[in-house]
Amino acid sequence: MAKCPICNERSPSRLCPALGKRICSICCGEHRRKSIACPSSCEFLLTAERKLWDRRGQELSKEWEKLLVYLREKGKGHLVPMLQVLRESLAQGIHKLDVTDEDVIAALDYCVQQLSPIELLERPPNILGRALEETLVPLVQSGKLDRELTREALETLAGFVEYFSEEGDGKRFVHGLLGLYPPPKERPSPIIRPEGSGIIRPR
Ligand SMILES: [Zn+2]
Ligand SMILES: [Zn+2]
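Residues numbered from 1 in each chain as written. Chains lettered and ligands numbered in written order. Predicted model: local features only at pLDDT ≥ 70, side-chain atom pairs only at ≥ 80, totals over all residues. Heavy atoms only, no water.

**What to know about the coordination of the zinc ion (ligand 1)**
And step 1. Summarising the metal site, the zinc ion (ligand 1) is bound by the protein donors C4 (SG), C7 (SG), C24 (SG) and C27 (SG), whose distances to it range over 2.2 to 2.4 Å.
And step 2. Classification of the site at the zinc ion (ligand 1) rests on its four donor atoms, whose angles at the metal span 102 to 114°, yielding the label tetrahedral.
And step 3. In the primary sequence, the donor residues of the zinc ion (ligand 1) line up as C-x2-C-x16-C-x2-C. With respect to class, C24 is no different from C27; both count as buried. (Donors = N, O, S within 2.8 Å, 3.2 Å for Na, K, Ca; no water. Tetrahedral: all angles 85-135°; square planar, octahedral: opposite > 155°, others 65-115°. Buried < 20%, exposed > 50% of the residue type's maximum accessible area, 1.4 Å probe, protein only.)

Now the structure itself:
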């Protein structure tokens, strides 16, 4: 009986496209994306990723519900629709950009600054921040979005991401969003657009 070449113990049940050899499912799980450079098309990688996103998505939903209850109790229910819009905008950005929870928080904080009444010259911390800014600032300037409401919602969301991310792996929120808003089937490799226009579009 052939044995898995990694553990030399279990029977090799799956063909690893990175190694070009059959390995066992446990070694696949342990070494996936660590000591094995999995191609992004590996079906075992994709399945595991999806499972993680779904789990994080459920966790995110639960905490999000608690946030909404809390806000309504505090008389801040008016923030809820804007938070929903921001969440969807972030999800669209995350489909195209490989970011961490920290990047998301930095992007939100940056937009809070950009919407402050005092003009601050600051460079965007990352492309997600710039994309979010390019979406929100014109809407505020044209009066379609209320400046204070948008700022407050951004601040609230940044605080939520920070809280949710705490006991995570640095991508708990990002993975949760991917679970709730699955990317389109053809998953493009992370795109960095020089002018970053139109990647985020709240309705
Ligand atoms: Zn093995
Ligand atoms: Zn693999």
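Still more ground to cover, so stick around.
**A closer look at the pattern of salt bridges**
And step 1. On inspection of all chains with the given rule, the structure shows nine salt bridges.
And step 2. Salt bridges linked by common partners bring R56, E59 and R172 together as one network. (Salt bridge = Lys/Arg side-chain N within 4 Å of Asp/Glu carboxyl O.)

**Comments concerning helix α2 (residues 43-73)**
And step 1. Taking 1.5 Å per residue as the helical rise, α2 with its 31 residues ought to reach 45 Å, and the 45 Å between its terminal C-alpha atoms agrees with that figure.
And step 2. Along α2, the positions that sit buried rather than exposed are L45, E49, W53, R56, G57, L60, E63, W64, L67, L68 and L71.
And step 3. Next to the buried residues of α2 lie α3 (80-96), α6 (147-165) and α7 (172-180).
And step 4. In the segment just after α2, G75 is the residue with positive phi, at about 75°. (Helix = DSSP H or I, 4+ residues; strand = E, 2+ residues; numbered from the N terminus. Expected span 1.5 Å × (residues − 1). Contact = heavy atoms within 4.5 Å.)

**Examining the packing of aromatic side chains**
Each aromatic ring pair is summarised here by two numbers: the centre-to-centre distance and the angle between the ring planes.
And step 1. Applying the stated criterion across every chain yields a total of five aromatic pairs.
And step 2. When the ring of F160 is compared with that of Y163, the centres are 6.4 Å apart and the planes differ by 50°; the resulting orientation is tilted. You can see F160 and its partner Y163 sitting in helix α6, three residues apart, about one turn around the helix.
And step 3. Among the residues examined, Y163 registers a relative accessible area of 46% and is labelled partly exposed. (Phe/Tyr/Trp six-rings, centres within 6.5 Å; stacked < 30°, edge-to-face > 60°.)

**Brief notes about unusual backbone geometry**
And step 1. Residues other than glycine seldom take positive phi values, yet N8 does so here, at roughly 60°.
And step 2. When you line up the elements, N8 lands in the segment before β1 (14-16).
And step 3. Positive phi outside glycine occurs at R33, with the angle close to 60°.
And step 4. By the element assignment, R33 lies in the loop between α1 (25-31) and α2.
And step 5. For R33, a relative accessible area of 52% puts it in the exposed group.

**So, a negative patch on the surface**
And step 1. Taken together, the side chains of D109, E155, E162, E166 and E167 present a region of like negative charge at the surface.
And step 2. Among the residues examined, E166 registers a relative accessible area of 64% and is labelled exposed. (Patch = residues over 30% accessible without salt bridge, like charges linked within 9 Å, V, L, I, M, F, W, Y side chains within 5 Å. Areas by Shrake-Rupley, 256 points an atom, 1.4 Å probe, with all protein chains shown as cover. Lys, Arg positive; Asp, Glu negative; His and termini not counted. Charge placed at Lys NZ, Arg CZ, Asp CG, Glu CD.)

**Description of the confidence of the model for the chain**
And step 1. Residues at a pLDDT of 70 or more form 91% of the chain, whose mean pLDDT is 89.
And step 2. Within the chain, α6 carries the highest mean pLDDT (97), whereas helix α5 (residues 127-141) carries the lowest (93). (pLDDT = per-residue confidence, 0-100.)

**Points about the packing of helix α4 (residues 101-114) against α5**
And step 1. In contact at an axis separation of 8 Å, α4 and α5 are set at 35° when each is read in the N-to-C sense. When the axes of α4 and α5 are compared, the crossing they make is right-handed. Facing α4, whose interface residues are D103, V104, A107, L108, Y110, C111 and Q114, α5 presents L128, G129, L132, E133 and V137.
And step 2. Here the contact of α4 with α5 is built from residues that sort into eight nonpolar, two polar and two charged. (Axes fitted to C-alpha atoms, helices over the stretch in contact; angles between N-to-C directions. Left-handed = near helix turned anticlockwise from the far one by under 90°. Nonpolar A, V, L, I, M, F, W, Y, C, P; charged D, E, K, R; others polar.)

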